[in-house]
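Each chain is listed here by its residues.
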Amino acid sequence: MNVRPPNRPLDSSNSVQSVPQSSRARGTGRPNPNSEYTADKATEGGEAHSGSLITVLIAVGANVIIAIAKTIAAFMTGSASMIAESAHSWADAGNGTLLIVAEKKAIKPADESHPLGYGKESYVWSMIAAFGVFMAGSIVSIYTGITEWNAAESETNYTIGFIVLAVAFLLEGFSLVQAYLQSKKHGQAMNVSAIGYVVNTSNPTLRGVFFEDLAAVTGLVIAAAAMGMHAYTGEPFWDALGSIIVGLLLGAVAIFLISRNRDFLVGYKVSEKIHGYALSELLNHPDIDSVSYLHLEWVGPRKIFMVAAVDIAGNQKEQELAQKFEDIENQFRSNPLFQEAILTLSVPNAEVLTLEKQALGQ
């Protein structure tokens, strides 16, 4: 069986090669460190990890520069919206730092204590980032807006503030485009939009950076409009309103990211397309007559845990059957998309799965 990746990439990009039976003990989730399979998988995983890490580093670098500039402008102008925006950028920088930690933690190889690897570390750290940093930025922004709502009217000179916002828009826009292009590339391979991909991807780093940058660009427009209305009307509540709206925006992003990370932490099923791909590979295998059960679950970014109940062709002896299972499992493990694959025998007279039922969602 040549387990080929689906029409590119279902979160992976390398062609799949078969592996020797000894590359991984059955059910342990741990490859032999000396096997060719391990080197191939590490290379592919490193390329995917590198792409996400570069995206995060660009975002963090831009956010630190922007946060410093916004903080200076906030002190110079006294603008509530600018204070909110500086809090927003510092929150984004902190969030990006935690996402880097998530990327590093998630690629730690499987061991005896974690046979399915450490992929879910990325969801833990991404949730911490969303809850702690985004919510902190949201609370600061809303609180600033409320306290400044009835501020006394004063002279305003927002020139430096508008300059900082314009520069920030360019930097945040560049980071957003980088995240969008990465999402679009993967989305096109799966025939989904960039937004559809980033919402449903198993990669929390890319999702976090994308929505962080989208919120940042939107927040800059809101802050500029609020400061402009304050300067035009002389009414400070416009500036305060802008701060509150930015805070609500951050809160909405935080809640969304927390929800998505929670989904993957508690066990999130794969898409129908990936489920259909795995089922077709099993059914197309010459040694498999039928499949009665198939469980596919994300256990990390671009990493799936598979359990399947199958009926093996012919009447084979127990030792031959165990070896056949091991061979098929290793072929799935050689696909970088699968963290672990476990096969078991179907119970007699079990209802079988078909691709037609898969297409109908049954």
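Structure's up top.
1. Looking at the packing of aromatic side chains
No. 1: If you walk through the whole model with that rule in mind, you get seven aromatic pairs.
No. 2: Ring geometry for Tyr123 versus Phe264: centroids 5.1 Å apart, planes at 15°, classification stacked. Placement of Tyr123 in helix α3 (residues 121-148) and of Phe264 in helix α7 (residues 237-265) is noted, with a sequence separation of 141 residues between them.
No. 3: Taking the relative accessible area as the measure of exposure, Tyr123 reaches 0% and is therefore buried.
No. 4: According to the relative accessible area criterion, Phe264 is buried, its value standing at 0%.
No. 5: Aromatic ring contacts, followed pair by pair, group Tyr123, Phe264 and Tyr268 into a single cluster.

2. Details of the sheet that holds strand β1 (residues 288-300)
No. 1: The strand order across the open sheet built from three strands is β1-β2-β3, with neighbouring strands paired in mixed fashion. In this open sheet, the two edge strands, each paired with only one partner strand, are β1 and β3 (338-345). Put simply, the sheet's adjacent strands are angled 15° from each other on average, direction ignored.
No. 2: Strand direction decides the pairing type here: strand β2 (residues 303-312) and β3, joined by seven bridges, are parallel.

3. Quick notes on the nonpolar core
No. 1: In terms of nonpolar packing, the biggest core is built from 26 residues, with Leu282, Leu294, Met306 and Phe338 touching the most fellow members.
No. 2: Elements with a contribution of two residues or more to this core: α8 (272-283), β1, β2, α9 (318-333) and β3.

4. Looking at the environment of Asp111
No. 1: Within the fold, Asp111 resides in the loop between α2 (80-106) and α3.
No. 2: For Asp111, the side chain forms a polar contact with the main-chain nitrogen of His114, separated by 2.8 Å.
No. 3: Within polar-contact distance, the side chain of Asp111 engages the side chain of Tyr118 at 2.6 Å.

5. Some remarks on the pattern of salt bridges
No. 1: Inspection of every chain in the model, using the stated rule, returns eight salt bridges.
No. 2: Note that Arg262 is salt-bridged to Asp263, the shortest N-O span being 3.1 Å.
No. 3: According to the relative accessible area criterion, Asp263 is buried, its value standing at 16%.
No. 4: Across the salt bridge formed by Asp287 and Lys324, the nearest N and O atoms sit 3.2 Å from each other. In this pair, Asp287 sits in the loop between α8 and β1 while Lys324 sits in helix α9, placing the two residues 37 residues apart along the sequence.

6. Structural notes on α2
No. 1: Here α2 contains 27 residues, and its C-alpha end-to-end distance of 38 Å stays within 8% of the 39 Å for a straight helix at 1.5 Å per residue.
No. 2: Its side-chain oxygen 3.1 Å from the backbone nitrogen of Met82, Ser79 forms the N-cap of α2.

7. Considering empty space enclosed by the protein
No. 1: This structure, assessed with the given rule, holds one cavity of 30 Å³ or more.
No. 2: A volume near 30 Å³ is recorded for the largest cavity.
No. 3: Forming the walls of the largest cavity are Asn95, Leu99, Ser126, Ala129, Ala130, Pro204, Gly208, Leu257 and Asn261.
No. 4: Contributing elements (two or more residues each) for the lining of the largest cavity: α2, α3, α6 (204-233) and α7.

8. Digging into helix α4 (residues 159-189)
No. 1: Between its first and last C-alpha atoms α4 spans 45 Å; for 31 residues at 1.5 Å apiece the expected length is 45 Å, and the two agree.
No. 2: Count one or two residues on from α4 and you reach Asn191, which has phi positive near 60°.

9. What to know about unusual backbone geometry
No. 1: Unusually for a residue other than glycine, Arg302 sits at a positive phi of about 65°.
No. 2: Looking at the secondary structure, you find Arg302 in the loop between β1 and β2.
No. 3: A positive phi angle is found at Asn349, which is not glycine, with a value near 60°.
No. 4: Considering the arrangement of structural elements, one finds Asn349 in the loop between β3 and α10 (355-359).

10. Comments concerning the side chain of Asn203
No. 1: On the secondary structure map, Asn203 appears in the loop between α5 (194-200) and α6.
No. 2: You can call Asn203 buried: its relative accessible area is 2%.
No. 3: For Asn203, the side chain forms a polar contact with the main-chain nitrogen of Thr205, separated by 3.1 Å.
No. 4: Of the polar contacts made by the side chain of Asn203, one reaches the backbone nitrogen of Leu206; its length is 3.4 Å.

Criteria and thresholds
- Residues numbered from 1 in each chain as written.
- Predicted model: local features only at pLDDT ≥ 70, side-chain atom pairs only at ≥ 80, totals over all residues.
- Heavy atoms only, no water.
- Phe/Tyr/Trp six-rings, centres within 6.5 Å; stacked < 30°, edge-to-face > 60°.
- Helix = DSSP H or I, 4+ residues; strand = E, 2+ residues; numbered from the N terminus.
- Buried < 20%, exposed > 50% of the residue type's maximum accessible area, 1.4 Å probe, protein only.
- Pairing = 2+ DSSP bridges.
- Axes fitted to C-alpha atoms, helices over the stretch in contact; angles between N-to-C directions.
- Core = buried A, V, L, I, M, F, W, Y, C linked by side-chain atoms within 4.5 Å.
- Polar contact = N/O pair within 3.5 Å; in protein donor to acceptor, adjacent residues only side chain to side chain.
- Salt bridge = Lys/Arg side-chain N within 4 Å of Asp/Glu carboxyl O.
- Expected span 1.5 Å × (residues − 1).
- 1 Å grid on protein atoms, 1.4 Å probe; cavity = no way out; pocket = protein on both sides within 12 Å on 5 of 7 lines; lining within 4 Å.
- Points joined across faces, edges and corners; volume = space filled by probe spheres on them.

Any functional reading would require information that these geometric values do not contain.
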